Amino acid sequence: MDFEIFTLAATMCREYMEADESKQPERKTLDDRNRMTDLERLRHSCAHVMATAILRLWPDAQFAAGPPVENGFYYDVELQHRISPEDFPAIEAEMKQEIKANRLFEKVVVPREQGLKDSESGRLGGLSERPGNPSKFKLGNLADIPEGEPITYFKSGDFIDLCAGPHVMRTGNIGAYKLTSVASAYYKGDENNPQLQRIYGTAFKNKTELEAYFNMLEEAKRRDHRKIGQEMGLYTIDADFTGPGLPLWLPKGGAIVEELEKLAKETEFLAGYVRVKTPHIAKEVMYKTSGHLPYYAESMFPAMRLPIENEAVVQARIRDIQKNEDRFMDEVPQNSEQFEAFIRDRRSTFTREHKELRQLEAGLEAGELYYLKAMNCPHHHRIFAAEPRSYRDLPLRLAEYGTCYRYEQSGELFGLMRVRSLNMNDSHIYCTPEQFAQEFNAVNEMYLKYFKIFGIEKYVMRFSTHVKEGLGKKYVNEPELWIQTENMVRDVLKTSGINFVEVANEAAFYGPKIDVQVWSVIGREFTLATNQVDFAVPRKFGLVYRDRDNTEKTPLCIHRAPLGTHERFIGFLIEHYAGNFPLWLAPEQVRVLTIGEDEPLVNYAKAIVQELRANMVRAEGDYSNDKINGKIQQAELAKVHTMLVIGPRDMAANAVSVRVHGKGSLGAKPKAEVVADILAAVRERRA
RNA sequence: GCCAGUUUAGCUCAGUGGUAGAGCAGCAGUUUUGUAAACUGCGGGUCGUCGGUUCAAAUCCGACAACUGGCUCCA
């Protein structure tokens, strides 16, 4: 392996990490703030009202920052008393008084000295001066305001706050509000700063909108993939024995996994992909080359140490070479003429042996460590490297449902959405620059095809690009390649009419990337997958193809995973469909329910189940002696897609009575017709 | 990892220091059925784990674990 390239990559990686750590959040300009939407204004004003209410109850409270956020607002407060949801009614009651008083939000521009004075006296973020209790966080905020920018207060009743606004006219404009939760946060997001209590709330123009918001939350709760996953028996997380973040797919969830893989395999086959299969572990050198180690070691499972098979032989050879080197040093002549002849004579042997020594030593040290893979790309790169490649072999599209392991922090784990073992719908497309646009476009088309199948109507592709200043630091220093690949990506996105936004300075280290965000039917946002253009790592792995002109060139690599991971994608689908999967995905597609348990009737039902199963339909039979209403209830609660109710009347007519989950009874139909329709719906993956 | 909350039967949950409960699910019977639950009975628990306080702990205290909300949003 090429040590220089590795060293270079390591250096760049380190620089990237350091650059990332020191990244300061950019300060919002006053212009940005004035672009606040009406709703944000209202929520920010509500934060002031909440602060006023908290001060009425606990006058010594110290406030830090209280911005509007996506679904409401918060205010960070330092207070001896630990605020809990039990305190919310009291705070809300005080807020009600403030809003009823309909106080004016008055803006006052003050000189900096005034700001300092009012911070010292505790007046800022307070209802009155508080001797001995200065507004320390406001003082800190004041220091962040650049010279020349005006310093403004907003005053509503007794409450005066250091604040750039903007606000609504009067507290009475706040139509409907509610406190929602309390969390902890560090002042200015820095863990070296004091920890504050963050009180979250939300506010709307009127009660109707507030209620609609809470109804949406309720609906989201009903659809929560953890709840439905439990109820439907899709997966379980056995924290005690298997481990946290390591989901076990139960048979019903396994059925969904299988269907998704089938879909991916068919789609990818038709798109000219070839399937590969790679192990779950690899030697340390793999991840040193890829750049994961040591800088990403924290998000990988700790290494396992394997004994080196021929350690004794290796060590004997190392000793031999070391002896040779010692002898070489001893034999070096003092005389300069002889020295040159000596060097000429011995140089090639010495360098060969020295290189071997370094390799053996590295092998002793590195070869014994194995890591669980956090990504499939390195394995795929090695498959590319396994044979000499010609431009005629490209594009080479290696696809695999690969299982990766990432050691997410325990607090980050979340149902199926954030796990430690993940099955990726992964593929790496190696292509020439000339082929890039077409390949990238084909990937996008695959996304759109999937969106259609799953009824995903709202999506956006976030196209992240580099900025020149970051070259060689945050981004690999290849100015032309960046511009070239970004232009190619942008052109494809534009000409294909795909919905995308471009975000500067958020690209990956190795190349521009596209994050795909989708919205479920109830409007919850999910990040499904990341597409990445990679022009750096293939080079680190020394991947080349021989081009028409008989020179070796490094291929471009497109990293894509339209179905993301099984874990996250199925989590999304559960919430998207509320567990009511379309027939082709439904864990239990058909259940045949008999009215009574007469033998001929049960035999007729069993024959139908058999016929469906012979056609790979997941069909079950309920031949128990429960009442038919009871059986239907059971099947509906289990979200069985199609129920075939069979009584003596149906058997006599060689028919079945069809009932579809959520749609009710569809009446009796000829058996053959029903079976044919079920098979067609599955085959076509009907919504 | 940090802050907070939660953890009682397979599931959903009640139980504020004095004999561990309900519904559903499971099992055994009875019932013989036409589109969202027929009836009876039975089994099922070291109350997350470990330690402490107490005559007595599911209940009070502490540690740990798992789960959940938050930890990106900046006057």
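Bear in mind that the values here come from a model prediction, so they are computed numbers and not experimental data.

Caption draft 1: Here's a closer look at the pattern of salt bridges. Under the criterion given, the structure shown has 34 salt bridges. With a shortest N-O distance of 3.0 Å, Arg560 and Glu268 are connected by a salt bridge. Separated by 292 residues along the polypeptide, Arg560 in strand 24 (residues 556-560) and Glu268 in helix 9 (residues 251-270) bring together distant segments of the chain. Notably, a salt bridge pairs Glu412 with Arg418, separated by 3.2 Å at the nearest N-O pair. Classification of Glu412 as partly exposed rests on a relative accessible area of 35%.

Caption draft 2: Examining the environment of Glu567 more closely. Secondary-structure assignment places Glu567 in helix 17 (residues 566-577). Taking relative accessible area as the criterion, Glu567 reaches 2% and is therefore assigned buried. Each C-alpha atom of the pair Glu567 and Glu70 lies 26 Å from the other, and the pair is 497 residues apart in sequence.

Caption draft 3: Highlighting helix 14 (residues 433-453). If you check helix 14, its first and last C-alpha atoms are 31 Å apart, about what 21 residues at 1.5 Å a residue would give, namely 30 Å. Every buried residue of helix 14 is accounted for by Gln435, Phe436, Glu439, Phe440, Val443, Asn444, Met446, Tyr447, Tyr450, Phe451 and Ile453.

Caption draft 4: Structural context of the sheet that holds strand 6 (residues 159-162). The strand order across the open sheet built from three strands is 4-5-6, with neighbouring strands paired in antiparallel fashion. The open sheet has two edge strands with one neighbour each: strand 4 (106-110) and strand 6. Neighbouring strand axes in the sheet, compared pairwise and without regard to direction, differ in orientation by 25° on average. In this structure, strand 4 lies alongside strand 5 (residues 151-156), joined through five bridges in antiparallel fashion.

Caption draft 5: Expanded view of the packing of aromatic side chains. Scanning all chains against the criterion turns up 23 aromatic pairs. Seen in terms of ring centroids, Phe328 and Phe350 are 4.6 Å apart; in terms of plane orientation they differ by 25°. Their pairing is stacked. Of this pair, Phe328 sits in helix 11 (residues 311-331) while Phe350 sits in helix 12 (residues 336-366); the two residues are 22 residues apart in sequence, bridging distant segments of the chain. Ring geometry for Phe384 against Tyr430: centres 4.7 Å apart, planes inclined by 40°, an arrangement best described as tilted. Highlighted residues: Phe384 in helix 13 (residues 377-385) and Tyr430 in strand 17 (residues 421-431), separated in sequence by 46 residues. The same class applies to Phe384 as to Tyr430, namely buried. Taken together through their ring pairs, the aromatic side chains of Phe454, Phe526, Phe569, Phe572 and Trp584 make up a single cluster. The residue whose ring lies beneath Arg198 is Tyr74, and the NZ or CZ to ring-centre distance is 3.8 Å. Sitting above the plane of the Phe384 ring, Arg389 keeps its charged end 5.3 Å from the centroid.

What counts, and at which threshold
Residues numbered from 1 in each chain as written. Chains lettered and ligands numbered in written order. Predicted model: local features only at pLDDT ≥ 70, side-chain atom pairs only at ≥ 80, totals over all residues. Heavy atoms only, no water. Salt bridge = Lys/Arg side-chain N within 4 Å of Asp/Glu carboxyl O. Helix = DSSP H or I, 4+ residues; strand = E, 2+ residues; numbered from the N terminus. Buried < 20%, exposed > 50% of the residue type's maximum accessible area, 1.4 Å probe, protein only. Expected span 1.5 Å × (residues − 1). Pairing = 2+ DSSP bridges. Axes fitted to C-alpha atoms, helices over the stretch in contact; angles between N-to-C directions. Phe/Tyr/Trp six-rings, centres within 6.5 Å; stacked < 30°, edge-to-face > 60°. Lys NZ or Arg CZ within 6 Å of the ring centre and 35° of its normal.

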